[in-house]
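# Structural characterization, general
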Amino acid sequence: MDTPHIRPLTARSVVLSTLLGVHPPRLAARHLVRVGDLFGIAEGTVRVALSRMVTSGDLVQTDGRYALTDRLLERQARQDESRRPRTRPWDGAWEIAVITAERRPAADRAALRQAMSALRLAELREGTWLRPANLDRPRPGTVVRQCTFLEGRPEQDPAALARTLWDLDGWAATAEALRAALAGADGIAERFTLAAAALRHLLRDPILPPELLPPGWPGDALRGGYETFETDFARLLTSELQP
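Described in the following lines is the structure provided in the data block. The model shown is predicted, which means the values in this text are computed figures rather than measured ones.

### Focus: the sheet that holds strand β6 (residues 128-132)
Across the sheet, four strands lie side by side as β5-β6-β4-β7; this open sheet has antiparallel pairing. A strand with exactly one partner marks an edge of an open sheet, and here the two such strands are β5 (122-125) and β7 (147-152). On average, each strand axis in the sheet is inclined to that of its neighbour by 30 degrees, with strand direction left out of account. Pairing between strand β4 (residues 94-99) and β7: six bridges, direction antiparallel. Looking at the pairing, W94 lines up with G152 of β7.

### Side note on the environment of V46
Inspection of the secondary structure assignment puts V46 in helix α3 (residues 43-55). Taking C-alpha positions, V46 is 12 Å from Y66, a pair spaced 20 residues apart along the chain. Those residues in contact with V46 that lie beyond four places of it in its chain are A11, V15, L32, V33, G36 and I41.

### Here we look at the packing of helix α2 (residues 29-38) against α3
Packing of α2 against α3 leaves a shortest axis separation of 9 Å and a crossing angle of 125 degrees. By the criterion of interaxial angle, the relationship of α2 to α3 is oblique. For the crossing formed where α2 meets α3, the hand is right-handed. Counted together, A29, L32, V33 and G36 of α2 and E43, V46, R47 and L50 of α3 form the full contact between these two elements. Looking at the contact of α2 with α3 residue by residue, the classes come out as five nonpolar, one polar and two charged.

### Some points on the side chain of Q146
Within the element layout of this structure, Q146 appears in helix α6 (residues 141-146). A relative accessible area of 5% places Q146 in the buried class. One polar contact links the side chain of Q146 to the main-chain carbonyl oxygen of D108, over a distance of 3.2 Å. Ignoring anything within four residues of it in the chain, the contact list for Q146 reads V98, I99, T100, A101, R104, D108, R109 and L112.

### Digging into unusual backbone geometry
With omega at 0 degrees, the peptide bond leading from H23 into P24 counts as cis. Topologically, P24 is positioned in the loop between α1 (11-20) and β1 (26-28). Phi is positive for I207, close to 50 degrees, though the residue is something other than glycine. Here I207 lies in the loop between α9 (188-202) and α10 (219-240). Its relative accessible area of 7% is what places I207 among the buried residues.

### A short note on the environment of E240
Mapped onto the secondary structure, E240 falls in helix α10. For E240, a relative accessible area of 32% puts it in the partly exposed group. Separated by 228 residues in the primary sequence, E240 and R12 have C-alpha atoms spaced 19 Å apart. Here E240 is in contact with R34 and L38, once residues within four sequence places are set aside.

### What about the sheet that holds strand β3 (residues 65-68)?
Taken in spatial order, the three strands make up an open sheet running β1-β3-β2, and their pairing is antiparallel. Bordering the open sheet on either side are β1 and β2 (59-62), each of which pairs with just one other strand. Averaged over all pairs of adjacent strands, the angle between their axes in this sheet comes to 25 degrees, without regard to strand direction. Bridge count between β1 and β3: three bridges; the pairing is antiparallel. Each bridged residue has a counterpart across the sheet, and for L27 the counterpart in β3 is Y66. The strands touched by α1 are β1, β2 and β3; relative to β3, the strand with the most contacts, the crossing angle is about 75 degrees.

Calculation criteria
- Residues numbered from 1 in each chain as written.
- Predicted model: local features only at pLDDT ≥ 70, side-chain atom pairs only at ≥ 80, totals over all residues.
- Heavy atoms only, no water.
- Pairing = 2+ DSSP bridges.
- Helix = DSSP H or I, 4+ residues; strand = E, 2+ residues; numbered from the N terminus.
- Axes fitted to C-alpha atoms, helices over the stretch in contact; angles between N-to-C directions.
- Contact = heavy atoms within 4.5 Å.
- Parallel < 35°, antiparallel > 145°, perpendicular 65-115°, else oblique.
- Left-handed = near helix turned anticlockwise from the far one by under 90°.
- Nonpolar A, V, L, I, M, F, W, Y, C, P; charged D, E, K, R; others polar.
- Buried < 20%, exposed > 50% of the residue type's maximum accessible area, 1.4 Å probe, protein only.
- Polar contact = N/O pair within 3.5 Å; in protein donor to acceptor, adjacent residues only side chain to side chain.

Read these as layout, nothing more, since geometry by itself doesn't imply function.
Next comes the structure, spelled out in structure tokens:
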């Protein structure tokens, strides 16, 4: 099985992935420089990346420490949720969102589409989004303002409907490739890059009830592989960031 395309490691990606993985997401510049050094990234390159990330609104700087801005705090919350999704028992009901707001500006339409994806809803047709009602999560204001929510049950096979809404085989194949690559990776840089890719992929896991998933669904296995990396990386950070 081929390993999926992996984004190259840059100073920005190292800083961002490190801060997204720590709680609270705030570290001193000297600590981020040390992290960059683990990956062979020069101090000057890391500091330039930090300056650019502040200018672009990704980070804020206070008392020599760099922290994530609100937009990226939301991304961290989504990543945390993708690793430990809050599910509830499924009784066969589906959550249905129908867009009922009129004359929406382009910005509202774009924000809604992004929010629907974050809620792991899939678009059946324009203006109608749905998923099994097995997730417990709040709905953001941009969704509440533009949609009316209903609950229903499909008359056809729900597993077949799920397969039309999500590319389950494609997601599973990529997840298994990432899990295997992460398990067999050598060196912190390779593991770090694969773990970041695994976390991005988990954000796209539809988190369906087991009854609707193909046999051997690798979602939990990929989460387990990422948790192993996170534990190892946390130990490394603790040792490297000692005064």
